Amino acid sequence: MSKSLTGKRIALLVTDGFEQVELTGPKQALEELGATAEILSSKSGKVTGWNHTTPADAFTVDKTFDTAKIDDYDAIVLPGGVVNADTIRLDEMAVELVKDAAKANKPIAVICHGAWILASADLLKGKTLTSYPSLTDDLKNAGANWVDKEVVVDGKLISSRTPDDLPAFNEKLIAALAA
């Protein structure tokens with residue numbers, strides 16, 4: 001991965017309870033290549049990551065959903081975590097940012113439970129993606145073709161199943177941004 005992403009800006013959308021490594025892994029990979037990766041959340045201040053079911057570290061929020069504009073970003077990353085994914089899909093401003101990214105044909109990268117917001121944003125009809133297996137029925141019911149693969153790319157949608165898939169997920173995200 002010797003591509004430069006200098007000048008690229010990526011929005012990582014989370015609320016408290018996101019799977020920490022699903023934010024830190026992509027953020028680090030992007031920043032190592034020169035991109036700016038900003039944490040967006042529903043509130044300013046700090047947001048807390050989790051290691052599965054245990055609260056972990058706090059991270060500074062760069063911008064709130066209601067002040068962010070998709071035109072300022074080249075892509076969106078949606079980490080999982082059950083608590084985060086269940087909360088963020090009910091946040092109208094977060095859903096609007098995801099819809100705006102889709103309308104602008106920008107890469108949307110989701111991992112694990114992060115795909116739930118795509119169902120709430122009505123963006124899954126005819127799309128092929130993967131996720132944590134427990135989301136299979138929800139995503140199929142939203143019109144998606146769910147597959148059990150390490151990483152899936154369908155147009156500008158990049159998806160992976162679990163933190164174990166992060167290397168492949170990061171590789172496809174970087175490729176999409178470097179294209």
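All of these numbers come straight from a predicted model, not from anything done at the bench.

Definitions and cut-offs
Residues numbered from 1 in each chain as written. Predicted model: local features only at pLDDT ≥ 70, side-chain atom pairs only at ≥ 80, totals over all residues. Heavy atoms only, no water. Helix = DSSP H or I, 4+ residues; strand = E, 2+ residues; numbered from the N terminus. Buried < 20%, exposed > 50% of the residue type's maximum accessible area, 1.4 Å probe, protein only. Contact = heavy atoms within 4.5 Å. Areas by Shrake-Rupley, 256 points an atom, 1.4 Å probe, with all protein chains shown as cover. Lys, Arg positive; Asp, Glu negative; His and termini not counted. Charge placed at Lys NZ, Arg CZ, Asp CG, Glu CD. Axes fitted to C-alpha atoms, helices over the stretch in contact; angles between N-to-C directions. Parallel < 35°, antiparallel > 145°, perpendicular 65-115°, else oblique. Left-handed = near helix turned anticlockwise from the far one by under 90°. Nonpolar A, V, L, I, M, F, W, Y, C, P; charged D, E, K, R; others polar. Polar contact = N/O pair within 3.5 Å; in protein donor to acceptor, adjacent residues only side chain to side chain. Pairing = 2+ DSSP bridges. Expected span 1.5 Å × (residues − 1). 1 Å grid on protein atoms, 1.4 Å probe; cavity = no way out; pocket = protein on both sides within 12 Å on 5 of 7 lines; lining within 4 Å. Points joined across faces, edges and corners; volume = space filled by probe spheres on them. Salt bridge = Lys/Arg side-chain N within 4 Å of Asp/Glu carboxyl O.

Let us now look at the overall build of the protein. When its secondary structure is counted, the protein shows six helices and 12 strands. For the protein, the spread of C-alpha atoms along the principal axes amounts to about 35 × 35 × 30 Å. The buried share of the protein, taken over its 179 residues, is 51%. A sequence separation of at least 24 residues applies to 64% of the contacts in the protein between residues at least 6 apart. In the form shown here, the protein has an accessible surface area of approximately 7,900 Å², with 47% of it arising from carbon and sulfur atoms. On the protein, the mean spot of the 19 positive side-chain charges and the mean spot of the 26 negative ones are 5 Å from each other.

Geometry of a packed helix pair, given as the angle between the helix axes and the separation of the axes. Running from N to C, helix α1 (residues 20-32) and helix α6 (residues 166-178) point in directions that differ by 45°, and their axes come no closer than 10 Å. Taken together, the axes of α1 and α6 lie oblique to each other. Once α1 is placed against α6, the crossing between them reads as right-handed. Facing Val21, Glu22, Gly25, Pro26, Ala29 and Leu30 of α1, the residues of α6 in contact are Leu166, Phe169, Asn170, Leu173, Ile174 and Leu177. Considering only residue class, the contact of α1 with α6 consists of nine nonpolar, two polar and one charged.

What follows is about the side chain of Ser159. Topologically, Ser159 is positioned in strand β12 (residues 157-160). Residue class for Ser159 comes out buried when judged on its relative accessible area of 0%. Here Thr130 takes part through its backbone nitrogen, which lies 2.9 Å from a polar atom of the side chain of Ser159. If we ignore the near neighbours within four places in the chain, the residues touching Ser159 are Val110, Leu129, Thr130, Glu150, Val151, Val152 and Phe169.

Regular strands show a simple pattern: their side chains alternate between the two faces of the sheet. In this structure, strand β11 (residues 151-154) lies alongside β12, joined through four bridges in antiparallel fashion. Looking at the pairing, Val152 lines up with Ser159 of β12. Counting the residues that bridge the hairpin from β11 to β12 gives two residues, and of these Gly155 lies at a positive phi of roughly 65°.

Helix length check: α6, at 13 residues, gives a terminal C-alpha distance of 18 Å against a target of 18 Å (1.5 Å per residue), a fit within 8%. Among the residues of α6, Leu166, Ala168, Phe169, Asn170, Leu173, Ile174 and Leu177 are the ones counted as buried. Tucked inside the fold, the buried residues of α6 contact β1 (9-13), α1, β7 (75-78), β8 (108-111), β11 and β12.

Located in the positive-phi region is Cys112, a residue other than glycine, with phi close to 60°. With respect to the secondary-structure elements, Cys112 resides in the loop between β8 and α4 (116-120). The backbone phi angle of Asp122 is positive, close to 60°, even though this residue is not glycine. Along the polypeptide, Asp122 turns up in the loop between α4 and β9 (128-129).

Once that is clear, we can look at the layout of surface pockets. There is about 200 Å³ of room inside the largest pocket. In terms of lining, the largest pocket is formed by 14 residues, of which the most central are Glu19, His52, Val82, Cys112 and His113. Grouping the constituent residues of the lining of the largest pocket by class yields six nonpolar, six polar and two charged.

Moving on, we get to the pattern of salt bridges. Side chains bearing opposite charge may pair, as long as their charged atoms lie close to each other. Under the defined criterion, the tally for this structure stands at eight salt bridges. A salt bridge links Asp154 to Lys127; the nearest nitrogen and oxygen atoms lie 4.0 Å apart. Residue Asp154 is found in strand β11, and its partner Lys127 is found in the loop between α4 and β9; the two are separated by 27 residues along the sequence. For Lys127, a relative accessible area of 25% translates into the label partly exposed. A network of salt bridges, in which partner residues are shared, links Asp148, Arg161 and Asp165.

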